[in-house]
Amino acid sequence: MTSQPSPPATGGPGTGLQAGLKNRHLSMIAIGGVIGAGLFVGSSSGIAAAGPGILLSYALVGMLVVLVMRMLGEMSAAHPASGSFSAHADRALGRWAGFSIGWLYWFFWVVVLAVEATAGAKILEGWIPAVPQWGWALIVMVVLTATNLVSVGSYGEFEFWFAGIKVVAIGAFIVIGLLAVLGVLPGVDSDRAGFGNLTGHGGFLPNGPGAVLTGVLLVVFSFMGSEIATLAAGESADPQRAVTKSTNSIIWRIGVFYLGSILVVVALLPWDDPAIKEQGSYVAALGSLGIPHAGQIMNFIVLTSVLSCLNSGLYTASRMAFSLGERGDAPKAFARATSRGVPMAAIIASVLFGFVAVFFNYRFPDSVFLFLVNSSGAVALFVWLVICFSQLRMRKIIQREAPEKLVVKMWLYPYLTWGAAALIVFVLGYMLTDTEGESSGRTTVLLSLLVAAAVVVIAVLRQRTATRHHTMPTEPGADKVRVG
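Residues numbered from 1 in each chain as written. Predicted model: local features only at pLDDT ≥ 70, side-chain atom pairs only at ≥ 80, totals over all residues. Heavy atoms only, no water.

Looking now at the packing of helix α6 (residues 133-150) against helix α15 (residues 344-363). Closest axis-to-axis distance for the α6/α15 pair is 11 Å, and the angle between their directions is 170 degrees. On the basis of their axis angle, the class for α6 and α15 is roughly antiparallel. Contacts between α6 and α15 involve Q133, W134, A137, L138, M141, V142, T145, N148 and L149 from the first element and M344, I347, V351, G354, F355, V358 and Y362 from the second. A breakdown of the residues in the contact of α6 with α15 according to their chemical character gives twelve nonpolar, four polar and no charged. (Axes fitted to C-alpha atoms, helices over the stretch in contact; angles between N-to-C directions. Helix = DSSP H or I, 4+ residues; strand = E, 2+ residues; numbered from the N terminus. Parallel < 35°, antiparallel > 145°, perpendicular 65-115°, else oblique. Contact = heavy atoms within 4.5 Å. Nonpolar A, V, L, I, M, F, W, Y, C, P; charged D, E, K, R; others polar.)

As a further point, take the environment of M71. Looking at the secondary structure, you find M71 in helix α3 (residues 54-78). Residue M71 is classed as buried on the basis of its relative accessible area, which comes to 0%. Taking C-alpha positions, M71 is 43 Å from G126, a pair spaced 55 residues apart along the chain. Apart from the residues lying within four places of it in its own chain, the contact partners of M71 are I387, C388, Q391, M410, T417 and A420. (Buried < 20%, exposed > 50% of the residue type's maximum accessible area, 1.4 Å probe, protein only.)

Moving on, we come to the packing of aromatic side chains. Under the definition given, this model contains 19 aromatic pairs. Seen in terms of ring centroids, F359 and F364 are 6.5 Å apart; in terms of plane orientation they differ by 85 degrees. Their pairing is edge-to-face. Between the aromatic rings of F360 and F364, the centroid separation amounts to 6.2 Å while the plane-to-plane angle is 50 degrees, which identifies the pairing as tilted. In this structure an aromatic cluster arises from ring pairing among F85, Y105, F108 and W109. Directly above the ring of Y413 sits R395, whose terminal nitrogen or CZ lies 4.3 Å from the centroid. (Phe/Tyr/Trp six-rings, centres within 6.5 Å; stacked < 30°, edge-to-face > 60°. Lys NZ or Arg CZ within 6 Å of the ring centre and 35° of its normal.)

Take the pattern of salt bridges next. Counted by the stated rule, this structure contains six salt bridges. Between R395 and E74 there is a salt bridge whose closest N-O contact spans 2.8 Å. Placement of R395 in helix α17 (residues 379-401) and of E74 in helix α3 is noted, with a sequence separation of 321 residues between them. Its relative accessible area of 6% is what places R395 among the buried residues. (Salt bridge = Lys/Arg side-chain N within 4 Å of Asp/Glu carboxyl O.)

At a minimum axis separation of 8 Å, helix α5 (residues 95-127) and α15 run at an interaxial angle of 55 degrees. The angle between α5 and α15 places the two elements in the oblique class. With respect to the hand of their crossing, α5 and α15 are arranged in right-handed fashion. Counted together, W106, F107, V110, L113, A114, A117, T118 and A121 of α5 and A349, S350, F353, G354, A357, V358, N361 and Y362 of α15 form the full contact between these two elements. Tallied by class, residues from the contact of α5 with α15 come to twelve nonpolar, four polar and no charged. (Left-handed = near helix turned anticlockwise from the far one by under 90°.)

Moving on to the side chain of S281. Assignment of secondary structure puts S281 in helix α13 (residues 281-288). Exposure remark for S281: the relative accessible area of 0% places this residue in the buried category. If we skip the residues at most four places from it in the chain, S281 touches F40, S43, S44, I47, V265 and I276.

Time to look at the nonpolar core. A general trend in soluble globular proteins is that nonpolar side chains are found buried together. Counting 152 residues, the largest nonpolar core has F85, W109, V383, W384, I387 and I424 as the members making the most contacts within it. The element contributing the most residues to this core is α5, with 19 residues. Beyond its immediate sequence surroundings of up to four residues, I424 is in contact with L64, V68, L381, W384, L385 and C388. (Core = buried A, V, L, I, M, F, W, Y, C linked by side-chain atoms within 4.5 Å.)

Our next topic: the environment of P209. Turning to its location among the elements, P209 is positioned in the loop between α7 (152-181) and α8 (210-219). It is 34 Å that separates the C-alpha atoms of P209 and K409, two residues lying 200 residues apart in sequence.

Right, let's get into the confidence of the model for the protein chain. Model confidence for the protein chain is summarised by a mean pLDDT of 85, while 91% of its residues fall at 70 or above. Low confidence marks residues 1-15, where pLDDT is under 50. Its contacts with residues over four positions away, or in another chain, come to 30 contacts. For the stretch residues 477-484, pLDDT sits under 50, and the model shows ten contacts to residues farther than four places along the chain or on other chains. (pLDDT = per-residue confidence, 0-100.)

Turn by turn, an α-helix covers 3.6 residues, leaving residues three or four places apart pointing in a common direction. Taking 1.5 Å per residue as the helical rise, α15 with its 20 residues ought to reach 28 Å, and the 28 Å between its terminal C-alpha atoms agrees with that figure. When α15 is considered as a whole, its buried residues turn out to be A346, I347, S350, V351, G354, A357, V358 and N361. Each buried residue of α15 sits inside an arc of 115 degrees when the element is viewed along its axis, so together they form one side. Along α15, the residues that are exposed and aim more than 90 degrees away from the buried face are L352 and R363. The elements touched by buried residues of α15 are α5, α6, α14 (294-326) and α16 (368-376). (Expected span 1.5 Å × (residues − 1). Arc of directions from axis to C-beta.)

Below, the structure is given as structure tokens:
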């Protein structure tokens, strides 16, 4: 196990990560990990594309995430590890798989750091224009880097409050919105708010059934982050219990926060209301209730989500780098922790790449940075696909070696696992038919496949080199003896 608490250090670097996350931290990380900034920012495009049928898009992706998390929960409950699915792929599919998906996942999150830092800086600059946007991006990155360097407990504390604000905000939005839809909230025009909006204005599927799949492409990436809880569980006192709890609660979390809040949005306003696209779905919905300063309220909630995503992104990238270092797939320095159980080198390396990406965002937004974003865009789907194939192999390994560790089991194994894998492949294939814009689905898939292929080639070459090294003769003329 890669993330056992290290003994108290007397000074100098420790030997591993420490169990610094409390149960309340893990609970909120599990809840908050599902709620990304993309839910608030990107949902308007999905509603414009699919109308009320966007609910089916969210339900379809939500079902897929539930299945993938169940598979990951099965493996992580049996073998908690700081590298989570990367460590499982390493064991189930081979070193090349763990190396490839680990580095691709790290690449995804360090690019996300730049995207979220820029998004947060734009909001902060609007409030305090005396500080330039690049200054705010720098401040945000430095503060959250310092937080992660102090201890895993400080990360957990920050994430507890960031996620808490998101949860309270969405909960309040759903309650107030439902009261308005039911006509019991004073000051709301009952002719505009109502469940009739789900079937009026062209019907539930105004743009046809195919628009549901288009909606899937627009919303699938807002679910990335659900797996963070399984990485964080390795730094808790009881990893198995933490993984089991987060896996079992994923259904209601997606049902309430995604489907519940989007249902309220499309019930409060007609899906084709221009305000949804101009102001954003949640801002427009709040504005329709007559709530003053709805835009600023939403900006605060989005900023909180951005900071939460930055905080978790840096944590996740550094722990994946730590796990890769432990397995010899990254510099050994990445696998060294301080006396507080913090992988300092892994954190600094991750944030440095994030800073470089932020620079590219300001200096070359339409070339270098666009390439980085597009080439990491489909990594979420690659990760989920690898989890499916890893679980198919890992179930047999666990049943053979330690069947008592199967405390979380994938439903209808192996049929649902194969079904989930087929759905992921279908989504990737459907993305290839999307050719509109510089960040089209086809561009994203092809560039992501290009980067993934390069990483896999490096992994295979490394593995062959290592194998050749281990089978070299011990002395001239001696027979080859395999030692690895």
